[in-house]
Each structure stands twice: as C-alpha cells, then as structure tokens.
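Commentary on secondary and tertiary structure
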Amino acid sequence: MRFLLNISTHANDLSIAGERWEHAVSLLDETGFDGYELYPVGDYVYDSIPGEIIGGIHLRFFVMLKQIWYNDRRQLLAMFDNERNIEMYYGGTSRETIVACYREQLELARRFNCPYVVFHPVHYELDYIFNWNPPWSWEEMVDLSADVINEVVRDTAYDGWILFENLWWPGNFRLDSVREIDRLFDRLEYSKPGLVLDTGHILNKNRFLASEKEAVAYLLGEVDRLGSHRDLVKAVHLCKSLSGEYVRASMEMHEPFDGAETFWERFTVAARHVRRIDEHDAFSHASIAGLFERIAPDTTVFEFSFRSKEEWVDKIHRQKQSLGERFFTRKERS
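Summary of the structure given here. (Residues numbered from 1 in each chain as written. Predicted model: local features only at pLDDT ≥ 70, side-chain atom pairs only at ≥ 80, totals over all residues. Heavy atoms only, no water.)

Some points on the pairing of strand β7 (residues 233-238)
Formally: Summary of the burial criterion: residues with accessible area below 20% of their type's maximum are buried, those above 50% are exposed, and those between are partly exposed, where the area comes from a 1.4 Å probe applied to protein chains only. Helix and strand assignments follow DSSP, with helices taken as H or I runs no shorter than four residues and strands as E runs no shorter than two, numbered in order from the N terminus. Following DSSP output, two strands are said to pair if at least two bridges run between them.
Within β7, five of the six residues are buried, which leaves it mostly tucked inside the rest of the structure. In terms of strand pairing, strand β6 (residues 193-198) meets β7 through four bridges, oriented parallel. Bridging from a neighbouring strand, leucine 197 pairs with valine 236 of β7. Summarising the sheet, β7 and strand β8 (residues 299-302) pair through four bridges and their orientation is parallel. Residue pairing for β8: leucine 238 is matched across the bridge by phenylalanine 302.

Some words on the layout of surface pockets
It is the rolling of a water-molecule-sized probe over the atoms that shows where space remains empty. For the record, the criterion: Using only the protein atoms, space was sampled on a 1 Å grid; points where a 1.4 Å probe fits but cannot get out form cavities, open sets with protein on both sides within 12 Å along at least five of seven lines form pockets, and lining residues are those with an atom within 4 Å of a point. Grid points are joined across faces, edges and corners, and a volume is the space filled by probe spheres set on the points.
Each pocket or cavity is described by its volume, and for the second largest pocket that value is around 160 Å³. Residue lining of the second largest pocket: Met64, Gln75, Ala78, Met79, Asp81, Glu125, Leu126, Asp127, Glu261, Phe263 and Arg266, and that is the complete set. When contributions to the lining of the second largest pocket are tallied by element, the ones reaching two or more residues are α4 (73-80) and α12 (263-277). The element contributing the most residues to the lining of the second largest pocket is α4, with three residues.

Regarding the pairing of strand β2 (residues 35-39)
With four of five residues buried, β2 lies mostly within the body of the structure. Pairing between strand β1 (residues 2-8) and β2: five bridges, direction parallel. The partner of leucine 4 across the bridge, within β2, is glycine 35. Relative to strand β3 (residues 54-58), β2 is paired through three bridges, and the arrangement is parallel. Within β3, the position partnered with glutamate 37 by the bridge is glycine 56.

The structure is reproduced here in structure tokens:
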C-alpha cells in the first residue's frame, strides 16, 4: 500500500511546496510518504512538478453540475445571478466546458503516469447547504454523474482507474447502500471504475458522534455494511471529522446566509460552512488501524487541511502514530 499526502495548486499549498517543489520533495523524505495526490486548480505550469512525486489526481469538484449539464439557462441564471458569474465559476457557459476541463485533467494524469483519478459523483446547491433537504434523489445524481464520466472518457487516452468518492449530503453518493455503487457502475462505459472511501465524509453523515472512539466504531460499521463491495475500494482519504455539534446548530439557523444576496456572497458563506463541517483533521485513536483489517486499498491519502507546514506535519505525525505498524512496517510487508 502506498501512502500519499494531499496537495493542490492553490497559492497556500504552492508556498509550502516551493517554486520547483523542492520543499514538497523534502517533506516526503521527512515523513516517509510515497508522493502526493494532486488537486489541480488555476492556470498552473505543471512542468515544474517532478513527475515521480504525483501518485494520483483529484479531478475538479464543480459541486453544481445539473443545470449546466442539461443547459437549464433559467435555473443557471437564478443560481448565479448573471452569465458572467456562470462563466467565472465554470470557466465557460456550457457542458462542453466541463468535458474539456476533465479531459485536460485526465491528460495530466496520463502525463504523470497516475494509476488513478478521483471524481465526486455529487451535485448540490446553495439553497440546501444548511438544511440538507434537497428536492432530488440519489438515483438522479448517480445517473447524472455516469452521464458526465461517459461523455468525458469517449475521447481520452487515460487508461487508469477512475475512483468515485463518497460525500455526506443526502440525495447523493453517500455509500448508504451498495445499491448506489451498483447503479453507478452499471451505467458507466469505462472498464476500470472503483471507489475512494473518504472516512471524514462517512463521519459527517452522523451528526451525533461525540468522541473519536465512537466515530471509528461508526466508520467501521458503515464499511462492514458494504460487504463484498469493499473490494472495490482502491484508495482511502484518511481523515477525521467530528463536527456534529456545529451541524446541528447550523440546521437551526433562521438566516444562515446572514443577509448575503449575490451569488459570490452566498458562495463565500457556503464555502466557510462546508469547511466547518469537513474538518480534515487527523485520527489519534489507535482503533482506526482496524479499517485496514476490512479493506486493502492500493493507496491511502492523508487528506488534511492546513495553513502552515507546521500544522500539516503535526497532523501527519499524529495520524501515523495512530496507524502504528500499518504505516511503519508497510515496506517490509510489501
């Protein structure tokens, strides 16, 4: 099993990585990791990244896909206020923009010889970000996601795994049932689909978890319910989230957007809200090692949020310690 760290081409991450990624390479040596799962954003010159340190690509998460995919102009304008905002958010105003973005990122994965990419089979909208009560079904969103991927892969040279990652919002791909997996995979026209199990997203489903020990027990129970479908888990995003108290309080807010009116004002509030739900913290309890008695992924990514190298290294160290020999003896077992 390979162990990766997450990194993006956002400015904060780049400042830590170094101009030629020399600090990113040093961090791998310092922490004993094998590489990075990269989230590419913006107009970045990827030739500056040493190819051998990139072990996977996390495809862009557009979040709101339904309206632009089906060219619902009325709803797009209702959500985004105007055409300019639509173009700023997506990079264009049609589904071809989405397809082009994902094909470019698959080509990047091919250039880096990445064995997998990650895709969120999810659609969500700002109106339901606080109440978790969307007026659509998970079946609709799974079908939409299959349509998107099928269109993207019709013209790509990438031949690695496309791994589908769970989130926590109702009406989406939450891994509540193996029916979600079966429906998605039955509709895909691609020969190498698999799963990314995001542990923090599993925990975010349950807003009544009170301790890390309780959270790990819940996580393991959810994984057990997948039965033989656990074999489809090719990668794990390993991180902790215990934000239930905040989620419960936020659901009771009378005016959660607090007067925000324009799309970008509302989007900023929503993004801050999501960051408080999805904490991307490190596990410390040794029981988390039991996850790997149930699944045997090819890759585990320590997926953390961080504002400095010091914060990042602290989280890495804590989670390594919680895994014990699962981390420290993996090279001897491989």
